[in-house]
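# Fold and geometry: a report
What follows is the residue order along each chain.
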Amino acid sequence: MAWNDLRRLLTKGKAENVYIPSSARALDNDERELVELARRTIDAHTDAGPDEDGIHTMGAAVMAADYRMFAGVNLYHFTGGPCAELVALGAARAQGARQMRCIVAVGNHGRGVIGPCGRDRQVFVDYYPTMRVIVPTPAGPRSVLAADLMPLTQRWTPEGMNGLDPSLYQDPETAGPPIIRFNPRYLEDSAPAPRPRPPASGTRPGSGRHGWCLKATPKSSCRQR
């Protein structure tokens, strides 16, 4: 479906200037459960009453690739405390999750699904470009690809700034197996250690690959490397 057709459908034919990316779709059952988890989390732990400011006013929930769900709340501070989405991502990582499937933020006191801020969108694109993000639209919450929230963006990685990569716009459900990238500076730490040389004296070759043993040691107890 073309973007303009989808926009007219969601706005019921009204000429509203609303950006609806082509990856937008209705929520599935797992995503609706994710929204409910975020709502329950902030309703249970908010520190502000209706129409009041507070430190904890947003809840978020993230779904890992294995469908486990993790929740968090924001920590407001004038220096720029973390949003609820980033807290949830950190909680997921701490529990062993590595790849994320979907994320959502919900406001306290029935404010419903709230879209991520600009900083969070950049984080999503940088670290989880194929993760889905639940956002509000004129037709209700929709699930969209994180990369579609920042069209034509510059993507930051530990290796530096990268331009637009069309592969980031592929839905992980149809794009094939994921590609895991890592920083080259970790290569030296992860490379296998060099094999130790056999002692220069007092030894004789043993049996098997890279085997060695002492002269007085039976061949059956040679150390294998």
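Values in this document were obtained by computation on a predicted structure and should not be read as measured data.

## A look at the environment of A65
Within the element layout of this structure, A65 appears in the loop between β1 (58-64) and β2 (69-73). Note: C-alpha distance between A65 and A97 (32 residues apart in sequence) is 7.8 Å. Ignoring anything within four residues of it in the chain, the contact list for A65 reads Q99, M100 and R101.

## Details of a nonpolar patch on the surface
Nonpolar side chains collect at one region of the surface, where I55, L75, Y76 and F78 lie side by side and expose about 470 Å² of accessible area between them. As for its placement among the helices and strands, Y76 is situated in the loop between β2 and α3 (84-94). What makes Y76 exposed here is its relative accessible area of 53%.

## Here we look at the pattern of salt bridges
With the rule as written, the count across this model stands at five salt bridges. If you follow the salt bridges from partner to partner, you end up with R25, D28 and E31 in one network.

## Considering the environment of V104
Looking at the element boundaries, V104 is found in strand β3 (residues 100-107). Each C-alpha atom, one on V104 and one on A60, is 5.5 Å from the other, the two residues being 44 residues apart in sequence. Ignoring any residue separated from it by four or fewer positions in sequence, one finds V104 in contact with L34, V35, A38, G59, A60, A61, V113 and I134.

## Concerning the state of the cysteines
On inspection of all chains with the given rule, the structure shows zero disulfides. You can see C117 has no disulfide; the closest cysteine sulfur is in C83, sitting 3.8 Å from it.

## A look at the layout of surface pockets
Size it by volume and the second largest pocket reaches roughly 220 Å³. Residue lining of the second largest pocket: 18 residues in total, with M58, N74, P82, C83 and A84 positioned closest to the centre. Grouping the constituent residues of the lining of the second largest pocket by class yields nine nonpolar, seven polar and two charged.

## What to know about the pairing of β2
In terms of strand pairing, β1 meets β2 through five bridges, oriented antiparallel. Counted as the bridge partner of G59 is V73 from β2. Connecting β1 to the antiparallel partner β2 that follows it, the hairpin turn spans four residues, and Y67 within it adopts a positive phi of roughly 75°.

## Quick word on the packing of aromatic side chains
All chains considered together, the criterion is met by one aromatic pair. Seen in terms of ring centroids, Y127 and Y128 are 6.5 Å apart; in terms of plane orientation they differ by 75°. Their pairing is edge-to-face. When the ring centre of Y67 is taken as origin, the NZ or CZ atom of R101, which lies over that ring, is 4.2 Å away.

## Some remarks on the confidence of the model for the protein chain
Put simply, the protein chain has an average pLDDT of 77, and 63% of its residues get 70 or more. Across residues 1-7, where pLDDT falls below 50, the model places 13 contacts with residues more than four positions away in sequence or in other chains. Ignoring residues within four places in sequence, the model shows residues 172-182, a span with pLDDT below 50, making nine contacts including any to other chains.

Cut-off values and rules
Residues numbered from 1 in each chain as written. Predicted model: local features only at pLDDT ≥ 70, side-chain atom pairs only at ≥ 80, totals over all residues. Heavy atoms only, no water. Helix = DSSP H or I, 4+ residues; strand = E, 2+ residues; numbered from the N terminus. Contact = heavy atoms within 4.5 Å. Patch = residues over 30% accessible without salt bridge, like charges linked within 9 Å, V, L, I, M, F, W, Y side chains within 5 Å. Areas by Shrake-Rupley, 256 points an atom, 1.4 Å probe, with all protein chains shown as cover. Salt bridge = Lys/Arg side-chain N within 4 Å of Asp/Glu carboxyl O. Buried < 20%, exposed > 50% of the residue type's maximum accessible area, 1.4 Å probe, protein only. Disulfide = S-S within 2.5 Å. 1 Å grid on protein atoms, 1.4 Å probe; cavity = no way out; pocket = protein on both sides within 12 Å on 5 of 7 lines; lining within 4 Å. Points joined across faces, edges and corners; volume = space filled by probe spheres on them. Nonpolar A, V, L, I, M, F, W, Y, C, P; charged D, E, K, R; others polar. Pairing = 2+ DSSP bridges. Phe/Tyr/Trp six-rings, centres within 6.5 Å; stacked < 30°, edge-to-face > 60°. Lys NZ or Arg CZ within 6 Å of the ring centre and 35° of its normal. pLDDT = per-residue confidence, 0-100.

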